[in-house]
Amino acid sequence: MSKIRNIFRGKQKPVTLKPGTDKRQAAGKREVPDGLWDKCPQCKTMIFRKDLQRAHYVCSKCGYHLSVGARERLRQLVDNIERFEEYDAQLTVDNPIGFPEYEAKKERDEKKTHENEAVITGKATINQHAVVLAIMEFGFISGSMGSAVGEKITRAFERAIAEGLPVVTVSSSGGARMQEGIISLMQMQKTAAAVERHSRAGLLYISVLVHPTTAGVYGSFASQGDIVISEPGATVGFAGKAVIEAAVGRRIPPDLQQAETVFKNGFIDVIVHRSELRTTIGKLLQLHNTPVLPEAEINVPTEDEGNAEEPVVAEPTPAEAVQTDADPTPVTKPKKRSTRTSRSYLRRKQD
Ligand SMILES: [Zn+2]
């Protein structure tokens, strides 16, 4: 128990940036190699890098949605990335169960993605509506959910409850982080309970699934949205193809876990092209009367604050949070806003 209790208290490893490197700028560029042109992985067309960026990294020839990093995704979604108020930027975890080579893997992906964990969380505005965001970084250990990711997501929902704000998550993940063993599986329950508390507070939660959203992340907070949106062609599902086939003893259709099939089966509300994602989310926030916040009211950390090596002590610890989750329902239970209006808007959009 003491080991679990102390997982966030170990030696802190702050994000190391090369002198003069802007973390956000650097991260926005990392998905593509040096050069002016990029090749579409699907139709192999060469596309001018600047055009690709302008098109939100969607191929203009075949519509293939290329993968984008968390910072670039953030830039695409919010009104002004400069006014993004990031939460828990320094929160990370060492190696709670002493898994071999875990530190080395994290170090490698930290260099690659310029992130110190597989999710970024914070507050910003979309179409002037204030929202709490959690955006996953697939490039960091396959966007897997370990204890720091679970803690950051839980805290994001808790802050949204405290401020009466909606939450938008963008998931792309391979599932629970095996390098943290059972502790990573606990994050499923912990994040799911945080979503439930947010829901009981009568607040809106929009979950966006991008390629790929699978396993423990799909099996917890990512599939719990009041409204679940997906990008076209994304792989969405819990167990992998091979695991399902072994379990049911026969081949499964190749498109079983494609967003379009999942949509037909009712687990996704709408499939939205990336270029329309921000407008669609903005419209949904408007339909649900979520708070409008003038940009000036978002607290932007100064350069010094943002880079400060503040001590990071997670409260509550995952173990304690599990107990807290069992707390009785608050006496006053606000009525959840109906998603009927937004569903009829999404149906029109899908047709
Ligand atoms: Zn293409």
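Residues numbered from 1 in each chain as written. Predicted model: local features only at pLDDT ≥ 70, side-chain atom pairs only at ≥ 80, totals over all residues. Heavy atoms only, no water.

S.K.: Hey, could you run me through unusual backbone geometry in this one?
M.R.: Trans is the common state for peptide bonds, and a negative phi is the common state for residues other than glycine. A cis geometry characterises the amide bond from His-211 onward to Pro-212, with omega recorded as -15°. Considering the arrangement of structural elements, one finds Pro-212 in strand β7 (residues 205–214). For His-114, which is not glycine, the phi torsion reads 60° and is therefore positive. Examined against the element boundaries, His-114 turns out to sit in the loop between α5 (102–113) and β4 (119–126). (Helix = DSSP H or I, 4+ residues; strand = E, 2+ residues; numbered from the N terminus.)

S.K.: It is not clear to me how the nonpolar core should be interpreted in this structure. Could you clarify?
M.R.: Across soluble globular proteins, you tend to see nonpolar side chains buried next to one another. Among the nonpolar cores identified, the biggest contains 38 residues, and Phe-221 and Ile-268 are the most heavily contacted of them. For this core, the secondary structure elements donating two or more residues are β5 (129–136), α6 (147–163), α7 (181–200), β7, α8 (215–218) and α10 (259–264). Considering each element in turn, this core owes the most residues, 6 residues, to α6. Beyond its immediate stretch of four places on either side in the chain, Ile-268 contacts Leu-209, Val-228, Ile-229, Ser-230, Val-236, Ala-259, Val-262 and Phe-263. Judged by nonpolar contacts, the second largest core, of 28 residues, contains Ile-81, Val-170, Leu-204 and Ile-206. (Core = buried A, V, L, I, M, F, W, Y, C linked by side-chain atoms within 4.5 Å. Buried < 20%, exposed > 50% of the residue type's maximum accessible area, 1.4 Å probe, protein only. Contact = heavy atoms within 4.5 Å.)

S.K.: Please clarify how the packing of helix α4 (residues 70–77) against helix α11 (residues 277–287) should be interpreted in this entry.
M.R.: Their axes nearest at 8 Å, the elements α4 and α11 cross at an angle of 60°. Judged on the interaxial angle alone, α11 and α4 are oblique. Of α11, the residues touching α4 (which contributes Arg-73, Gln-76 and Leu-77) are Leu-277, Arg-278 and Ile-281. In terms of residue class, the contact of α4 with α11 is made up of 3 nonpolar, 1 polar and 2 charged. (Axes fitted to C-alpha atoms, helices over the stretch in contact; angles between N-to-C directions. Parallel < 35°, antiparallel > 145°, perpendicular 65-115°, else oblique. Nonpolar A, V, L, I, M, F, W, Y, C, P; charged D, E, K, R; others polar.)

S.K.: What should I look at first to understand the packing of α6 against α7 in this one?
M.R.: Angle between the axes and distance between the axes are the two parameters that describe a pair of packed helices. Between α6 and α7, the shortest axis-to-axis distance is 9 Å and the interhelical angle comes to 10°. Taken together, the axes of α6 and α7 are roughly parallel relative to one another. Residue-level inspection shows Ser-147, Gly-150, Glu-151, Ile-153, Thr-154, Phe-157, Glu-158, Ala-160 and Ile-161 of α6 in contact with α7, the latter providing Ile-183, Gln-187, Lys-190, Thr-191, Ala-194, Val-195, Arg-197 and His-198. Of the residues belonging to the contact of α6 with α7, the class tally is 7 nonpolar, 6 polar and 4 charged.

S.K.: What should I look at first to understand α5 in this one?
M.R.: When the terminal C-alpha atoms of α5 are compared, their 16 Å separation across 12 residues agrees well with the 16 Å that a helix rising 1.5 Å per residue should span. Along α5, the residues that are buried comprise Tyr-102, Lys-106, Asp-109, Glu-110 and Thr-113. Across the axial projection of α5, the buried residues extend over an arc of 110°, all falling on one side. Downstream of α5 by one or two residues, His-114 has phi in the positive range, about 60°. (Expected span 1.5 Å × (residues − 1). Arc of directions from axis to C-beta.)

S.K.: Please clarify how the packing of aromatic side chains should be interpreted in this entry.
M.R.: Under the defined criterion, the tally for this structure stands at 2 aromatic pairs. Considering the side-chain rings of Trp-37 and Phe-48, the 5.3 Å spacing of their centres and the 55° angle between planes classify their relative orientation as tilted. Remark: Phe-48 occurs in strand β2 (residues 46–48) and Trp-37 occurs in strand β1 (residues 37–39); sequence separation between them is 11 residues. Ring geometry for Phe-157 versus Tyr-205: centroids 5.0 Å apart, planes at 90°, classification edge-to-face. Here the residue Phe-157 occupies a position in helix α6, and Tyr-205 occupies one in strand β7, the gap between them amounting to 48 residues. The same class applies to Phe-157 and to Tyr-205, which are both buried. One residue, Lys-106, lies across the ring of Tyr-102, its end atom 4.7 Å from the ring centre. We note Arg-159 situated over the ring of Tyr-87; from NZ or CZ to the ring centre the distance is 4.3 Å. (Phe/Tyr/Trp six-rings, centres within 6.5 Å; stacked < 30°, edge-to-face > 60°. Lys NZ or Arg CZ within 6 Å of the ring centre and 35° of its normal.)

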